[in-house]
Amino acid sequence: MTALLDSPEVREQVHRVSVSDYHRLGELGLISEKVELLRGIIVDKLSKSPLHEFVSERLLDLLRKHAPKSLRIRQERPLSLLDSEPEPDISVVPGKPEDWIDSHPSTAALVVEVSIASLPLDRKKSSIYAEAGVPEYWLVRAEERLIDIYRQPCPGGYLTQVTLAETETLACSSIPEIHFQISEIFPVPAGNS
């Protein structure tokens, strides 16, 4: 199937799904909850490894500790965007739950994806988040103990991207209250405990 989609001629013939049609399919029970909509294509979400869960939990704890009360820290919750409805590992959005009774948030102050087996897809998501005006996107490469920081969204992607190592401090530019040592989110290496 992958080789089939590698062909540009075949990709042009793939039927795209709108966000509203995607919602309708979900309401009718015709799609699994283990999918997300990316660029009009319904994509299976990968299962989460123990390392993925560990790093995600650490990040959630740090974000909840530092983020202002006016922001909500959401885990694997949808963002309804132009042609996509990703469910990032973590999104930090302004507002309160009552704001999303009728529709999901359409942007975020920060989006985080923890990548183990999904690195190519998570890199492609950067353009989706940039187009939605998300000012900062973190791609956590957990096995490599690195974080790619994307900033300055513009049509088609982000203008800047830097990679930080676990020995560095991450200072969020979109939410200045959030700053921490990157080593805090990774497990202590064997023999260093």
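Residues numbered from 1 in each chain as written. Predicted model: local features only at pLDDT ≥ 70, side-chain atom pairs only at ≥ 80, totals over all residues. Heavy atoms only, no water.

With respect to the pairing of strand 5 (residues 110-115)
So, point 1. Burial analysis of strand 5 places six of its six residues in the buried class, the great majority of the element.
So, point 2. Alternating residues of strand 5 divide into Leu-110, Val-112 and Val-114 and Val-111, Glu-113 and Ser-115, and every residue in both groups is buried.
So, point 3. Note: strand 4 (residues 90-94) against strand 5, three bridges, orientation antiparallel. The residue of strand 5 that forms the bridge with Val-92 is Leu-110.
So, point 4. Taken together, the five bridges between strand 5 and strand 6 (residues 136-141) define a ladder with parallel strand orientation. (Buried < 20%, exposed > 50% of the residue type's maximum accessible area, 1.4 Å probe, protein only. Helix = DSSP H or I, 4+ residues; strand = E, 2+ residues; numbered from the N terminus. Pairing = 2+ DSSP bridges.)

Thoughts on the environment of Lys-45
So, point 1. With respect to the secondary-structure elements, Lys-45 resides in the loop between strand 2 (41-44) and helix 4 (50-66).
So, point 2. When the C-alpha atoms of Lys-45 and Trp-100 are compared, they prove to be 23 Å apart, with 55 residues separating the residues in sequence.
So, point 3. Once residues within four sequence positions are removed from consideration, Lys-45 is found in contact with Glu-33, Lys-34, Val-35, Glu-36 and Glu-87.
So, point 4. At 2.6 Å, the side chain of Lys-45 and the side chain of Glu-87 are in polar contact. (Contact = heavy atoms within 4.5 Å. Polar contact = N/O pair within 3.5 Å; in protein donor to acceptor, adjacent residues only side chain to side chain.)

Some remarks on the nonpolar core
Soluble, globular proteins show a tendency: their nonpolar side chains are buried together.
So, point 1. One finds Leu-59, Trp-138, Val-140 and Ile-185 to be the most contacted residues of the largest nonpolar core, which totals 28 residues.
So, point 2. Elements represented by at least two residues in this core include exactly helix 4, strand 3 (71-75), strand 4, strand 5, strand 6 and strand 7 (146-154).
So, point 3. Per element, the largest residue contribution to this core is five residues, and it comes from helix 4.
So, point 4. Among residues more than four places away in sequence, those in contact with Leu-59 are Ile-90, Val-112, Val-114, Trp-138, Val-140, Phe-180 and Ile-185. (Core = buried A, V, L, I, M, F, W, Y, C linked by side-chain atoms within 4.5 Å.)

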